[in-house]
Amino acid sequence: MAATHTHGAHDAHADHGHHDQEGLKTFGFWLFLITDVILFATLFATYVVLRNNTAGGPTGEELFNIPIVIASTFILLTSSFTSGLAVLSMQKGHLKGLIGWLVVTAALGAAFIGLEAYEFLHMVHEGATLQTSAFLSAFFTLVGAHGLHVTIGLVWMIGLMLQLGRRGITAVTERKVNNLSLYWHFLDAVWIFLFTVVYLMGVM
């Protein structure tokens, strides 16, 4: 009886330690997001300062393809919604639904990156590069940093889907899905600012 009690106490202690570890990892992720907020705030501030320094080169009004940017915005907003549906499926214990919505989210994220790559290549073809002006240096750095973050999110998402396929919904995979969804919503919020400050203000 005493041995059973000791074993139960040991399991409870192990579970508590595991829970604390997951909590620490989530806290660490929040710290990462805070540093990312600082990074993007710096890039936005730099862009706002330099956006009129075109050095006689093309302006945003001449370069930006607003229909493509609107399509990109719609795709990313939709992917944020589908990532939320993935979390809802997870909370209901539906593994297939969770993976299915993550696949849809990843496909939308890939489409977003594809449109951004097309935009960048078109601009470079028009002679608008990092070296053309301070405005374009700031533009490519800001928008490119966001695109890089989306790409990292996609790699993370694919890895997580593979892990979910092997292990199912556990305390560890649940934390990772929640953190990934938070990260994706954060990128969505950054893009809304980017769309407003860079593109809308750029064509006004």
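Since this is a predicted model, take the numbers as computed values, not measurements. (Residues numbered from 1 in each chain as written. Predicted model: local features only at pLDDT ≥ 70, side-chain atom pairs only at ≥ 80, totals over all residues. Heavy atoms only, no water.)

Describing the overall build of the protein
Cut-off, in case you're wondering: Runs of H or I in DSSP of at least four residues are treated as helices and runs of E of at least two as strands, each being numbered from the N terminus. Radius of gyration: over C-alpha atoms. The globule rule applied is 2.2 Å multiplied by the number of residues raised to the 0.38 power.
The helix and strand inventory of the protein stands at 6 helices and 0 strands. When the helices and strands of the protein are read in sequence order from the N terminus, they spell out α-α-α-α-α-α. The C-alpha radius of gyration of the protein comes to 21 Å, more than 25% above the 17 Å expected for a compact globule of 204 residues. A principal-axis box enclosing the C-alpha atoms of the protein has dimensions of 85 × 30 × 25 Å.

Looking at unusual backbone geometry
As a reminder, the rule being used: Exposure is judged per residue with a 1.4 Å probe applied to protein chains only, and the accessible area is read against the type maximum: over 50% gives exposed, under 20% gives buried, and values in between give partly exposed.
Look at Ala55: it is not a glycine, yet its phi comes out positive at around 55°. On the secondary structure map, Ala55 appears in the loop between α1 (2-50) and α2 (60-63). A residue is classified by how much of its surface remains accessible, and Ala55, at 69% relative accessible area, is exposed.

What about the packing of aromatic side chains?
The condition is simple: Paired rings are identified among Phe, Tyr and Trp, the last through its six-membered ring, by centres lying within 6.5 Å, and are further divided according to the angle between planes into stacked (under 30 degrees), edge-to-face (over 60) and tilted (the rest).
On inspection of all chains with the given rule, the structure shows 16 aromatic pairs. Ring plane angle 55° and centroid distance 6.2 Å describe the contact between Tyr47 and Phe135, whose orientation is recorded as tilted. One end of the pair, Tyr47, is in helix α1; the other, Phe135, is in helix α5 (residues 134-167), and 88 residues separate them in sequence. Assessed through its relative accessible area of 2%, Phe135 is described here as buried. Measuring from ring centre to ring centre gives 6.5 Å for Phe135 and Phe139, while their planes differ by 40°; the resulting arrangement is tilted. Within this pair, Phe135 and its partner Phe139 are both found in helix α5, separated by 4 residues, close to a single helical turn.

Let's talk about the packing of helix α3 (residues 66-91) against helix α6 (residues 171-203)
Two quantities define a packed helix pair, namely the angle between the helix axes and the distance between the axes. Let me state the cut-off plainly: Lines fitted to the C-alpha atoms define the axes, with helices restricted to the stretch that makes contact. Angles between their N-to-C directions range from 0 to 180 degrees. Reported orientations rely on four angle classes, namely roughly parallel under 35 degrees, roughly antiparallel over 145, roughly perpendicular from 65 to 115, and oblique for the rest. Here a crossing is called left-handed whenever its near helix is offset anticlockwise from the far helix by less than a right angle, and right-handed whenever the offset is clockwise. All amino acids are sorted into three groups, where Ala, Val, Leu, Ile, Met, Phe, Trp, Tyr, Cys and Pro are nonpolar, Asp, Glu, Lys and Arg are charged, and the leftover types, Gly among them, are polar.
Orientation of α3 relative to α6, taken along the N-to-C sense of each, is 160°, at an axis distance of 10 Å. In terms of axis orientation, α3 runs roughly antiparallel to α6. In terms of crossing hand, the pair formed by α3 and α6 is left-handed. When its residues are assigned to classes, the contact of α3 with α6 shows 15 nonpolar, 9 polar and 2 charged.

Looking at the side chain of Ser83
Going by this rule: Whenever two N or O atoms come within 3.5 Å, that pair is a polar contact, provided that in protein one can donate a hydrogen and the other can accept it, and provided that, for residues adjacent in sequence, both atoms are side-chain atoms. Contacts are residue-level and defined by heavy atoms, with any inter-residue pair within 4.5 Å sufficient.
Along the chain, the position of Ser83 falls in helix α3. At a separation of 2.8 Å, a polar atom in the side chain of Ser83 contacts the main-chain carbonyl oxygen of Ser80. Leaving out residues up to four positions away in the same chain, Ser83 has contacts with Thr105, Ser181, Trp184 and His185.

Points about the packing of α5 against α6
Close contact between α5 and α6 brings their axes to 10 Å; oriented N to C, the two are set at 160°. It follows from the interaxial angle that α5 and α6 lie roughly antiparallel. As for how α5 packs across α6, the hand of that crossing is left-handed. Residues that form the contact of α5 with α6 fall into these classes: 20 nonpolar, 6 polar and 1 charged.

Thoughts on the environment of Gln21
Structurally, Gln21 can be placed in helix α1. Taking the C-alpha atoms as reference points, Gln21 and Met123, 102 residues apart in sequence, are found 47 Å from one another.

Observations concerning the nonpolar core
Test applied: Here the nonpolar core consists of buried residues drawn from Ala, Val, Leu, Ile, Met, Phe, Trp, Tyr and Cys, with membership extended through side-chain atoms lying within 4.5 Å.
The biggest cluster of nonpolar side chains holds 50 residues, and the ones touching the most others in it are Tyr47, Phe64, Phe139, Trp191 and Tyr199. Elements represented by at least two residues in this core include exactly α1, α3, α4 (95-125), α5 and α6. The greatest single-element share of this core, amounting to 14 residues, is contributed by α5.

Considering a nonpolar patch on the surface
Rule in force here: In this scheme, patches are assembled from residues that exceed 30% relative accessible area and form no salt bridge. Like charges are connected within 9 Å, while nonpolar side chains (Val, Leu, Ile, Met, Phe, Trp, Tyr) are connected within 5 Å. Working definition of accessibility: Shrake-Rupley area with a 1.4 Å probe, residue cover restricted to the visible protein chains. A carboxyl oxygen of Asp or Glu within 4 Å of a side-chain nitrogen of Lys or Arg is what we treat as a salt bridge.
A contiguous nonpolar patch, built from Phe27, Leu31, Ile34 and Ile38 and spanning about 410 Å² of accessible area, is present on the exposed surface. Along the chain, Leu31 falls in helix α1. By relative accessible area, which is 44% here, Leu31 ends up partly exposed.

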